[in-house]
Amino acid sequence: MADDHDSRSTVRVAAAGDLHCREANRDRIAAAFAALNGAVDLVLLAGDMTTHGQVAQARLLAEAAAEAEPPIFAVLGNHDHHCAAGDSIAGELRAGGIEVLERDYAIVEIDDVEVGVVGVKGFVGGFAGSHLPDFGEPLLREVYAETSREVEALDRGLAAVAHCALRLVVMHYAPIAETLAGEPEGIYTMLGSSRLGHPIREHEPDLVVHGHAHAGSFAGTLGNVPVHNVSVPVMDQDFWIFELPIAARSLGY
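The text that follows walks through the structure, step by step, so that each part is easy to find. This is a predicted model, so every value here is computed, not measured.

Topic: the overall build of the protein chain
For the protein chain, the count of helices and strands is six helices and 11 strands. Against the compact-globule benchmark of 18 Å for 253 residues, the protein chain has a radius of gyration of 17 Å, which places it among compact chains. Its C-alpha atoms give the protein chain principal-axis dimensions of about 55 × 45 × 30 Å. Taking all 253 residues of the protein chain together, the buried fraction comes to 53%. Across the protein chain, every contact between residues at least 6 apart in sequence was considered, and the portion connecting residues at least 24 apart equals 75%. When the accessible area of the protein chain is evaluated, it comes to approximately 10,800 Å², of which 51% is carbon and sulfur surface. If the 16 positive side-chain charges of the protein chain are averaged to one point and the 37 negative ones to another, these points end up 5 Å apart.

Set out below in structure tokens:
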């Protein structure tokens, strides 16, 4: 790794979603994390770290990641919430050294280069031609409101890290339909929402990663912003490593 700010021109980011940790795959996951040492600067986990949302599975994931040296940032996914134990799962992961971002952001220094990471779960609502409206039964309107809260948190987080040399977004649900290609179009509404794309388009972070769509597509864009579906079944590998150039604004240009 670079010794100082002047010699560093890129930051290496490993990303994955939908690890679905359980006893049967814990050794593979542990080996995948160990392989990142010396190869990347930080790690993003795009939700569904557990298989059934059980606290014991979160503990397995935390133990598997314990040997990883780079900082790890994560968001929870729908599997992680399945048993209504999201707070406990987040607590287990944090106790194991994984920083769980729940509508929040963090700033980490990589050789004096500030990297801002914004983490939201995201939520559902659909895309062009199939939007869930803010209308009708209170339960449906609450779904719309939940997505609104995620959008607002994403906007706040991106504003807070605007000064950083590198700005990353990790979420579980998709902000664009392009990375859902391969999934049945009838379920797009349940896989993400284009409303999540509004703050991304406005703030233009350097990279957005999400998971959730196991049969989707890896790469897409939102304006000038690269968006990647890093679900393990889509990548067909444990992690994808992105080598991202440091923005000129960090050098005072």
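Section: the nonpolar core
A general feature of soluble globular proteins is that nonpolar side chains tend to end up buried together. Core analysis: the largest hydrophobic core is formed by 57 residues, its most contacted members being Phe33, Leu44, Leu45, Leu61, Leu93 and Leu168. Those residues in contact with Leu93 that lie beyond four places of it in its chain are Met49, Ala58, Leu61, Ala62, Leu76, Ile98 and Val100. Core analysis: the next-biggest nonpolar cluster, separate from the first, contains 20 residues, Val118, Val151, Ala153 and Leu158 among them.

Describing the environment of Ala39
Along the chain, Ala39 turns up in the loop between α1 (26–34) and β2 (42–46). By relative accessible area, Ala39 is classed as partly exposed at 27%. Along the chain, Ala39 and Glu69 lie 30 residues apart, while their C-alpha atoms are 10.0 Å from each other.

Concerning α1
Every buried residue belonging to α1 is among Ile29, Ala32 and Phe33, and all of these are buried. Looking straight down α1, one finds its buried side chains confined to an arc of 95°; they lie on one side. Buried positions along α1 lie against β2, α2 (55–64) and β3 (72–75).

Regarding the sheet that holds β3
Taken in spatial order, the five strands of this open sheet run β4-β3-β2-β1-β11, and their pairing is mixed. Across the chains shown, the open sheet's two edge strands, defined by having one partner strand only, are β4 (98–100) and β11 (240–245). The mean angle between the axes of side-by-side strands here comes to 25°, regardless of whether they run parallel or antiparallel. The sheet contact formed by strand β1 (residues 10–16) and β2 spans four bridges and is parallel. Across the sheet, residue Ala15 finds its bridge partner in β2, namely Leu44.

What counts and how
Residues numbered from 1 in each chain as written. Predicted model: local features only at pLDDT ≥ 70, side-chain atom pairs only at ≥ 80, totals over all residues. Heavy atoms only, no water. Helix = DSSP H or I, 4+ residues; strand = E, 2+ residues; numbered from the N terminus. Rg over C-alpha atoms; globule rule 2.2 N^0.38 Å. Buried < 20%, exposed > 50% of the residue type's maximum accessible area, 1.4 Å probe, protein only. Contact = heavy atoms within 4.5 Å. Areas by Shrake-Rupley, 256 points an atom, 1.4 Å probe, with all protein chains shown as cover. Lys, Arg positive; Asp, Glu negative; His and termini not counted. Charge placed at Lys NZ, Arg CZ, Asp CG, Glu CD. Core = buried A, V, L, I, M, F, W, Y, C linked by side-chain atoms within 4.5 Å. Arc of directions from axis to C-beta. Pairing = 2+ DSSP bridges. Axes fitted to C-alpha atoms, helices over the stretch in contact; angles between N-to-C directions.

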